[in-house]
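Topology and contacts: notes
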Amino acid sequence: MFTLGATLSQQVNPDWRTYIMIGAYFLILLVIGWYGYKKATGNVSEYMLGGRSIGPYVTALSAGASDMSGWMIMGLPGEVYTTGLSAAWLAIGLTLGAYINYIVVAPRLRVYTEQAGDAITLPDFFRNRLADHSNLIKIISGGIIVVFFTLYTHAGMVSGGKLFKSAFGLDYHWGLILISVIVIAYTFFGGYLAVSLTDFFQGVIMLIAMVMVPIVALLKLNGLDTFDQVTDLKPTNLDLFKGTTFIGIISFFAWGLGYFGQPHIIVRFMSIKSVKQLRTARRFGIGWMAISLIGAVFVGLIGIAFVQDKGVELKDPETLFILMGQILFHPLVGGFLLAAILAAIMSTISSQLLVTSSSLTEDFYKLIRGEDAAKKREKEFLLVGRLSVLVVACISIAIAWSPNDTILNLVGNAWAGFGAAFGPLVVMSLYWKGLSRTGAISGMLSGAVVVILWIVFVKPLGEVNDFFNLYEIIPGIIASVLVTIIVSKMTKKPDIDVHKDMEKVKETINTEMHS
């Protein structure tokens, strides 16, 4: 989701054992990348989507790790530390949204994308689903993915550079280069399989870290009595409904709406081996997510008492996890915790790089070269896919070289932008027979535009009335849904039998689920 945007001001002062742990972590990632290169990069489908043969556990943790990013380990604890337990509405909304996404979107998207011309990107699916022979929807949606994910990727690289600067005293630019080279290496060579396997590995690291830190902190403080100290410091700290406003709670809760439109997350549903395995993936993935988010909330709450008890200065709430890891643990374990932060950041960067590369290859290069060329020249398209990873990464590094807080703040709203632009379109394309190409394009653009307008012109009015602080994904989705429905009813429907296609999708799902 969010990448770490704030400057990390807390120094870790690592010793040689910390460096050994980080080095071992990077080595494992490169080995996984090599394994992915040897096993599953024979054609474009394998490189971009793992040949639709990924298992449920890898699917679940890959989706979770690419989703949470540094936000879960850094951002959420910092928000809870500042606001109190009311920030947990964000975790509740995300968990509920992810669960509904598994139920509503995952099964149909897995079957329908394969049935609709074996589409391996969202823009390709939209084109095939709506019989858009002009390719207009494919170009527009592909363009949105390429532009926003390039900016989104650069934010992750900035996060990595700043983390190395804060944690190791390394020059920002060297940190930026180091984290970029590692991510590019395993993504460039290993493709989707390597990204998914590294996400699984990184998801395990993140889970261990989010369980270990709050438990050890409690044991080092006053056990469960620590929460009494947290309440004494500020009575609203443990109140789920106080410390924020009604609009604030709705906005936190609305984060879950964004899941339906995140290309780097829902592509995981397209890659799983079978629909039947989605049930296992859902249980495992939501379990991982719930435990990890609860751990993040407890890090924030316990951190309130921890900072006071240790008499330390916390200049930036987002560095709370780093501070607790530095004080509580042996340097070797501290290195593991830093690896957890890197895992959160890098898992998102690699997923975004691959989705952007997929869009450049499938949604643009294939249009230039033609469908026939794609079938005959697999190696050429595979090379283009790899080169696209490199090109996007280089552009992101160039943007990140001189970090701009304004850009980072705008990129932080990409979750809302993707959720409003693609979320309603994904759901309607899977369930509504009346969707038209013009309606889909109009709704997609209106959702993105409303999000941008709300951020630029409406949110500054939040000081006048709290309503204007409403999270921009809500008006964006409302606009997208209304425009899509109205325009679709007024325009020509696809010249294909959508009803028959949807019935076939339902029949396939039922057959696989009961096989």
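Small disclaimer: the values here were computed from a predicted structure and weren't measured. (Residues numbered from 1 in each chain as written. Predicted model: local features only at pLDDT ≥ 70, side-chain atom pairs only at ≥ 80, totals over all residues. Heavy atoms only, no water.)

**Describing the overall build of the protein**
Scanning the protein from N- to C-terminus turns up 21 helices and zero strands. Expected size for 515 residues packed as a compact globule is a radius of gyration near 24 Å; at 22 Å, the protein falls within 12% of this value. Each of the three principal axes of the protein carries a C-alpha extent, and together these read 70 × 50 × 50 Å. Buried residues in the protein amount to 59% of all 515 residues. Sequence separation of at least 24 residues holds for 85% of the intrachain contacts in the protein that already meet a minimum separation of 6. Total accessible area on the protein stands at roughly 19600 Å², and carbon and sulfur atoms take up 66% of it. (Helix = DSSP H or I, 4+ residues; strand = E, 2+ residues; numbered from the N terminus. Rg over C-alpha atoms; globule rule 2.2 N^0.38 Å. Buried < 20%, exposed > 50% of the residue type's maximum accessible area, 1.4 Å probe, protein only. Contact = heavy atoms within 4.5 Å. Areas by Shrake-Rupley, 256 points an atom, 1.4 Å probe, with all protein chains shown as cover.)

**Quick notes on empty space enclosed by the protein**
Inspection of every chain in the model, using the stated rule, returns three cavities of 30 Å³ or more. Size it by volume and the largest cavity reaches roughly 130 Å³. If you list the elements that add at least two residues to the lining of the largest cavity, you get helix H6 (122-129), helix H11 (263-271) and helix H14 (331-369). At five residues, the largest contribution of residues to the lining of the largest cavity is made by H14. (1 Å grid on protein atoms, 1.4 Å probe; cavity = no way out; pocket = protein on both sides within 12 Å on 5 of 7 lines; lining within 4 Å. Points joined across faces, edges and corners; volume = space filled by probe spheres on them.)

**Some details on the side chain of Arg-268**
As for its placement among the helices and strands, Arg-268 is situated in helix H11. Since its relative accessible area comes to 2%, Arg-268 is described here as buried. Reaching out from Arg-268, the side chain makes a polar contact with the side chain of Ser-351 at a distance of 2.9 Å. (Polar contact = N/O pair within 3.5 Å; in protein donor to acceptor, adjacent residues only side chain to side chain.)

**Let's talk about the packing of aromatic side chains**
Tallying each qualifying case throughout the model produces 22 aromatic pairs. Ring geometry for Phe-227 and Phe-298: centres 5.7 Å apart, planes at 70 degrees, overall edge-to-face. On the criterion of sequence distance, the pair formed by Phe-227 in helix H9 (residues 226-233) and Phe-298 in helix H12 (residues 278-310) is long-range, its members being 71 residues apart. Judged by its relative accessible area of 14%, Phe-227 is buried. Looking at Phe-298, the relative accessible area reads 32%, which means it is partly exposed. Members of the aromatic cluster, joined through ring pairs, are Tyr-112, Phe-125, Phe-126, Phe-148, Phe-149, Phe-418 and Phe-422. (Phe/Tyr/Trp six-rings, centres within 6.5 Å; stacked < 30°, edge-to-face > 60°.)

**With respect to H11**
Three or four residues apart is the spacing at which side chains of an α-helix point the same way, because the helix has 3.6 residues per turn. Counting buried positions along H11 yields nine of nine residues, so the element is predominantly enclosed. Within H11 the residues assigned to the buried category are Pro-263, His-264, Ile-265, Ile-266, Val-267, Arg-268, Phe-269, Met-270 and Ser-271.

**Some words on the nonpolar core**
With 159 residues, the main nonpolar core has Met-72, Ile-73, Phe-321 and Met-346 as its most contacted residues. By residue number, the principal contributor to this core is helix H8 (residues 172-220), which donates 19 residues. In this structure Ile-73 touches Met-206, Met-210, Phe-321, Ala-340, Ile-341 and Ala-344, once residues within four positions along its chain are discounted. (Core = buried A, V, L, I, M, F, W, Y, C linked by side-chain atoms within 4.5 Å.)

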